[in-house]
Amino acid sequence: MTYKPSPNRYDNMIYRRCGRSGVKLPVISLGLWHNFGGDTPHEVKRAMCRTAFDLGITHFDLANNYGPPPGSAEEAYGDILKTDFAGYRDELIISSKAGYNMWQGPYGEWGSRKYLIASCDASLRRMGLDYVDIFYSHRFDPDTPLEETMGALDQIVRSGKALYAGISSYNSEKTREAVAILNDLGTPCLIHQPSYNMLNRWIETDGLKDTLHELGVGSIAFTPLAQGMLTSKYLNGVPADSRASQGKSLFPSMLRDEAIGNIRKLNDLAAARGQTLAQMAIAWVLREGGITTALIGASRPGQIEDCAAVIGNMEFTADELARIDTYAKGEAINLWAASSASDNAPVR
Ligand SMILES: NC(=O)c1ccc[n+]([C@@H]2O[C@H](COP(=O)([O-])OP(=O)(O)OC[C@H]3O[C@@H](n4cnc5c(N)ncnc54)[C@H](OP(=O)(O)O)[C@@H]3O)[C@@H](O)[C@H]2O)c1
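Here is a short report on the structure shown in this document. (Residues numbered from 1 in each chain as written. Predicted model: local features only at pLDDT ≥ 70, side-chain atom pairs only at ≥ 80, totals over all residues.)

Some remarks on unusual backbone geometry
Cis rather than trans, the peptide bond between Gly 67 and Pro 68 has omega equal to 5 degrees. Of note, Pro 68 is situated in the loop between strand 4 (59–61) and helix 2 (72–83). With an omega dihedral of -10 degrees, the bond running from Pro 68 to Pro 69 counts as a cis peptide bond. Here Pro 69 lies in the loop between strand 4 and helix 2. For Asn 35, which is not glycine, the phi dihedral falls at a positive 70 degrees. (Helix = DSSP H or I, 4+ residues; strand = E, 2+ residues; numbered from the N terminus.)

Below is the structure:
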């Protein structure tokens, strides 16, 4: 059936300026890491993208390796662009990335010019696009000169294959270096994509959050729901259709009794605020304008609707924030810590 986007799609979403750029992003963005590969029916992927756009979510985030198999999320999104979003390209901000393992041999991962440029070309082919809006270095590469990695991003932008450059999971120190190089090249860094949620606050302790403000770089926080932990779904066990049951990236060790006990308290606090835990978790990430947009994932359209309703209550009292600090205890859930280390080990 032909899709017609909701005519009211821009009425309720909030858009925030991305750093010191001219671009505004919706406070909720949709990522296609999980549930957009070959293991999910195409109609479910399509329904999620349509729901997102109908709610004013104009930003869709991809990477070369999203699947499984790697590349299949970009292929699926390319199909959806043709069937549903044709004619709306200028209303969309589409991003992709390269950095993690994508193909065999020495040129299939990390941060060389060779890899980044070939990977960007391949992403464009899979999605059937002439350009992406944002192209990211997916992780810092300790063995490639930062000038080379940033030079590749600059070349990608100058050749018209991306409109803006971004970096992901770089720590504060490497972010300063990368941003300075990009400024010198005349291709400012639009945005940084770090992991960030109530249970994973490394960007506060590392100083990255303050650094981004100081440098005028926008921010998009990935895993704002801690992969689903910061929702009510795990309060009574592991549902059969949940990410934790799929042996992907949310491990049973993250769902220990103590963690669930604290999440239960957070759930109570969210209920007292008149919102779901997912909404409170997103509002927390977005609090005081500190982060430009929260990059959620989803397995069904209803979750996107629930998350987008965060705009109903994004304010916190000092007492609420203090209570969140009491219960949001640091769990070992930051799977990207190695990618943020200056000497990051070659892990996937
Ligand atoms: N730059 C990087 O290195 C990097 C790394 C990871 C992710 N990312 C980006 O960040 C995006 C989001 O990551 P993520 O999927 O881990 O984010 P997330 O928003 O923390 O978790 C998404 C999961 O939470 C559950 N969920 C979402 N909304 C819900 C709701 N309203 N109620 C109940 N459960 C809900 C779903 O779990 P179920 O599937 O169990 O239903 C969903 O798959 C990715 O798609 C990708 O674009 C980037």
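Overview of the pairing of strand 3 (residues 28–31)
The two faces of strand 3 match: Ile 28 and Leu 30 on one face and Ser 29 and Gly 31 on the other face are all buried. Sheet analysis places strand 3 next to strand 10 (residues 293–296), joined by three bridges and oriented parallel. Its bridge partner lying in strand 10, Ser 29 is registered against Leu 295. Where strand 3 lies against strand 4, two bridges are found, and the strand directions are parallel. Looking across to strand 4, one finds that Gly 31 is bridged to Asp 61. Each parallel crossover has a hand, and for strand 3 linked through helix 1 (residues 42–54) to strand 4 it is right-handed. (Buried ≥ 20, exposed ≤ 12 C-beta atoms within 10 Å, placed from the backbone. Pairing = 2+ DSSP bridges. Right-handed = clockwise from strand over helix to strand, strands pointing away.)

Concerning the site of the ligand
Not every one of the 31 residues close to the ligand is listed here, only the nearest: Gly 31, Trp 33, Phe 222, Gly 228 and Gly 297. Looking at which element gives the most residues to the shell around the ligand, the answer is helix 10 (residues 301–308), with three residues. For the shell around the ligand, the residue count by class is twelve nonpolar, 15 polar and four charged. (Near = placed C-beta within 6 Å. Nonpolar A, V, L, I, M, F, W, Y, C, P; charged D, E, K, R; others polar.)

Comments concerning helix 5 (residues 172–185)
Its 14 residues place the ends of helix 5 20 Å apart at the C-alpha level, agreeing with the 20 Å of an ideal helix rising 1.5 Å per residue. Listing the buried residues of helix 5 in full gives Ser 172, Lys 174, Thr 175, Ala 178, Val 179, Ile 181 and Leu 182. Lining the buried residues of helix 5 we find helix 4 (146–158), strand 7 (162–168), strand 8 (189–193) and helix 7 (208–215). Phi turns positive, to about 85 degrees, at Gly 186, one or two residues after helix 5. (Expected span 1.5 Å × (residues − 1). Contact = placed C-beta atoms within 7 Å.)

Side note on the environment of Ser 299
By the secondary structure assignment, Ser 299 is in the loop between strand 10 and helix 10. Ser 299 gets classed as partly exposed once you count the C-beta atoms within 10 Å, which come to 18. In sequence terms Ser 299 and Leu 32 are 267 residues apart; their C-alpha atoms lie 9.8 Å from each other.

Here we look at the environment of Ile 296
Examined against the element boundaries, Ile 296 turns out to sit in strand 10. Under the C-beta neighbour-count criterion, Ile 296 is labelled buried, with 27 such atoms within 10 Å.

Notes on the environment of Ser 29
Mapped onto the fold, Ser 29 is located in strand 3. For Ser 29, a count of 24 C-beta atoms within 10 Å corresponds to the buried category. The residues contacting Ser 29, other than those within four sequence positions of it, are Ile 57, His 59, Asp 61, Ile 220, Thr 293 and Leu 295.

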